[in-house]
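Listed below, chain by chain, are the residues.
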Amino acid sequence: MNREELIDALKPIIAPYTTNDDAFGKLSENTDFIHDLQINSANLVDIVLDIEEKFDIVIDNPDMERMLNVKAAIDIIESKLQMK
Amino acid sequence: MIGNDVIDLVQSRKDSNWRRRGFIPKLFGADEQLLIANSPDPETTLWLLWSMKEAAYKAWNRETKIRKYMPKKLVCTISRQSVSNACGRVVCEGKIYYTETILAPDFIHSIAVSVFSHLDYVIEIEKNEIVKDHFGIPYVAVEGGTELFAASVSNHGRFEKVVAISRI
């Protein structure tokens, strides 16, 4: 999967936790989960868990620390998929 | 340094399935997981610990200007707890934050400060008194804006809590 395909795969994961539909409509790599999509920090872990399940990867603590925006999420998924 | 975090317990039941596999281990360290598992009211204990972490993170972020999603690096200890409140501390990368939490029937509100005695000077204020610096960090302006005191804002569901240290 290239980065655009990864963003498309991420959208249905992010959508249920998003409270700003406007920002979700304009979603790009630069979108910040908390500042732009206004996702509750207690729900960021749900996104991490959903990504783990969907892509069958394990996101460890150092990776989770960076998981604040779409770009970081894509970077992490890409690197984990390459290691498979 | 100050930070606060409010959790609307009706909203959290809608937003979070904390019983889902992996949820607790990703957010809480071994000692915290034991506190939750052994609690007569695991839901309250979980959100108490989470609000302590969030409040301390805001104080830490205020100081360091660093953003990270690092719940397990915020290590909580509860020193005293009753049905209506709790006191404790949170250690984050060598820094210590002292916390006080109100446990109400429908919300949990934690306040974290970096200096223990400042807990005595924390007051709840109105949102319209808040000004923000270019990092987005909130202050309350007093004396016609000539003096700024550290403040913190938290919203969740039906609740908004704005706190400040009234004097240092």
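Heads up: the structure comes first, above all this text.
Please read all numbers here as calculations on a predicted model, not as lab measurements.

A. Quick look at the nonpolar core. In terms of nonpolar packing, the biggest core is built from 59 residues, with B:A56, B:A59, B:A112 and B:V113 touching the most fellow members. Residue contributions to this core peak at 11 residues, all from helix α4 (residues 42–64) of chain B.

B. Just the sheet that holds strand β7 (residues 130–132) of chain B, in detail. Residues and elements named next belong to chain B. Spatial ordering of the open sheet is given by β6-β10-β9-β8-β7, a layout of 5 strands whose pairing is antiparallel. The two strands at the open ends of the sheet, each matched to only one other strand, are β6 (122–124) and β7. Pairwise comparison of adjacent strand axes, ignoring direction, gives a mean angle of 40° for this sheet. With 3 bridges joining them, β6 and strand β10 (residues 159–165) adopt antiparallel strand pairing.

C. Looking closely at the interface of chain B and chain A. Between chain B and chain A, the residue contacts involve 14 residues of the former and 13 residues of the latter. Elements that contribute at least two residues to the side of chain B that touches chain A include exactly α2 (23–27) and α4 of chain B. At 3 residues, the largest contribution of residues to the side of chain B that touches chain A is made by α2(B). Residue composition of the side of chain B that touches chain A, grouped by class: 5 nonpolar, 2 polar and 7 charged.

Basis of the calculations
- Residues numbered from 1 in each chain as written.
- Chains lettered and ligands numbered in written order.
- Predicted model: local features only at pLDDT ≥ 70, side-chain atom pairs only at ≥ 80, totals over all residues.
- Core = buried A, V, L, I, M, F, W, Y, C linked by C-beta atoms within 7 Å.
- Buried ≥ 20, exposed ≤ 12 C-beta atoms within 10 Å, placed from the backbone.
- Helix = DSSP H or I, 4+ residues; strand = E, 2+ residues; numbered from the N terminus.
- Pairing = 2+ DSSP bridges.
- Axes fitted to C-alpha atoms, helices over the stretch in contact; angles between N-to-C directions.
- Contact = placed C-beta atoms within 7 Å.
- Nonpolar A, V, L, I, M, F, W, Y, C, P; charged D, E, K, R; others polar.

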